[in-house]
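Now for the letters of each chain:
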Amino acid sequence: MNAELGRVSAEQYKALPHSGVVLVLDNIRSAHNVGSAFRTSDAFKVDKIFLCGICACPPSAEIHKSALGAEDSVDWEHHDDTLEVVKSLRKEGFTIIGVEQTEHSVKLQNFHPDKSCRYAFVFGNEVDGVQQAVVDECDYCLEIPQFGTKHSLNVSVSIGVVLWEAVR
């Protein structure tokens, strides 16, 4: 029974101490991926999700189908311009980390989060990735090592992998 799992309510979740982690979703086209980001963010106690550009926003049946109510526990804001959000978060003291394959990206296993820092992880569009202007504004980029024939993961999978590494 779920009641026996000791899960917190959405109100209790919002009252928990901040984790110092936020997500910035840069033009994620699939509402299902946005919903999955909410659900994974809830699991790892993300403080807020910034939905940018074309990202779908709650309330949405498609988001709810994947989020299963996590859109009610995780705070979120929508902004048209991802770059403005990133610049604002930097002014607030966040370290901005793009999750993207770049020439100088840091392999995820070499990422050692500092518990005294606040992190904003930027995840990009399913086809185009993080906008280049946003990548240029990041403090650095993280890359998830991959060993198969494909060179990318679904954004919702990437969010789970990176958040696990950030909180473990």
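Up top is the structure.
Just so you know, these numbers come straight off a predicted model, no measurement behind them.

Undergrad: Tell me about the pairing of strand β6 (residues 118-124), and please be specific about residues and values.
TA: Along a regular strand, successive side chains alternate from one face of the sheet to the other. Among the seven residues that make up β6, six are buried, leaving the element largely enclosed by the rest of the structure. Relative to β6, strand β1 (residues 21-26) runs parallel, the two sharing six bridges. From the neighbouring strand, L25 faces β6, where its bridge partner is F123. The sheet contact formed by strand β4 (residues 94-99) and β6 spans five bridges and is parallel. Pairing of I96 across the sheet is with A120, part of β6.

Undergrad: Go over the pattern of salt bridges, please, and point to the residues and values.
TA: Taken as a whole and assessed by the stated rule, the structure comprises eight salt bridges. Taking the shortest distance from any N to any O, the salt bridge between K48 and E77 comes out at 2.6 Å. Of the two residues, K48 is situated in strand β2 (residues 48-52) and E77 in strand β3 (residues 75-79); the sequence distance between them amounts to 29 residues. Given a relative accessible area of 22%, K48 falls into the partly exposed group. In this structure E77 comes out as partly exposed when scored by relative accessible area, which is 29%. Where K107 meets E143, a salt bridge forms, and the shortest distance between an N and an O atom there is 3.2 Å. Of the two residues, K107 sits in strand β5 (residues 106-107) while E143 sits in strand β7 (residues 140-143), which places them 36 residues apart along the sequence. Residues participating in the shared-partner salt-bridge network are R90, E137 and D139.

Undergrad: Before we move on, can you summarise the layout of surface pockets with the specific residues and values?
TA: In this structure, the largest pocket encloses a volume near 340 Å³. For the lining of the largest pocket, the class distribution of residues is seven nonpolar, nine polar and four charged. Put simply, the second largest pocket is a space of about 290 Å³. As for the second largest pocket, its lining consists of 15 residues, of which V8, D42, A43, A70 and S73 are closest to the centre. Sorting the residues of the lining of the second largest pocket by element identifies α1 (10-15) and α2 (31-43) as the ones contributing at least two each. Across the lining of the second largest pocket, the residue classes break down as nine nonpolar, three polar and three charged.

How each quantity is defined
- Residues numbered from 1 in each chain as written.
- Predicted model: local features only at pLDDT ≥ 70, side-chain atom pairs only at ≥ 80, totals over all residues.
- Heavy atoms only, no water.
- Buried < 20%, exposed > 50% of the residue type's maximum accessible area, 1.4 Å probe, protein only.
- Helix = DSSP H or I, 4+ residues; strand = E, 2+ residues; numbered from the N terminus.
- Pairing = 2+ DSSP bridges.
- Salt bridge = Lys/Arg side-chain N within 4 Å of Asp/Glu carboxyl O.
- 1 Å grid on protein atoms, 1.4 Å probe; cavity = no way out; pocket = protein on both sides within 12 Å on 5 of 7 lines; lining within 4 Å.
- Points joined across faces, edges and corners; volume = space filled by probe spheres on them.
- Nonpolar A, V, L, I, M, F, W, Y, C, P; charged D, E, K, R; others polar.

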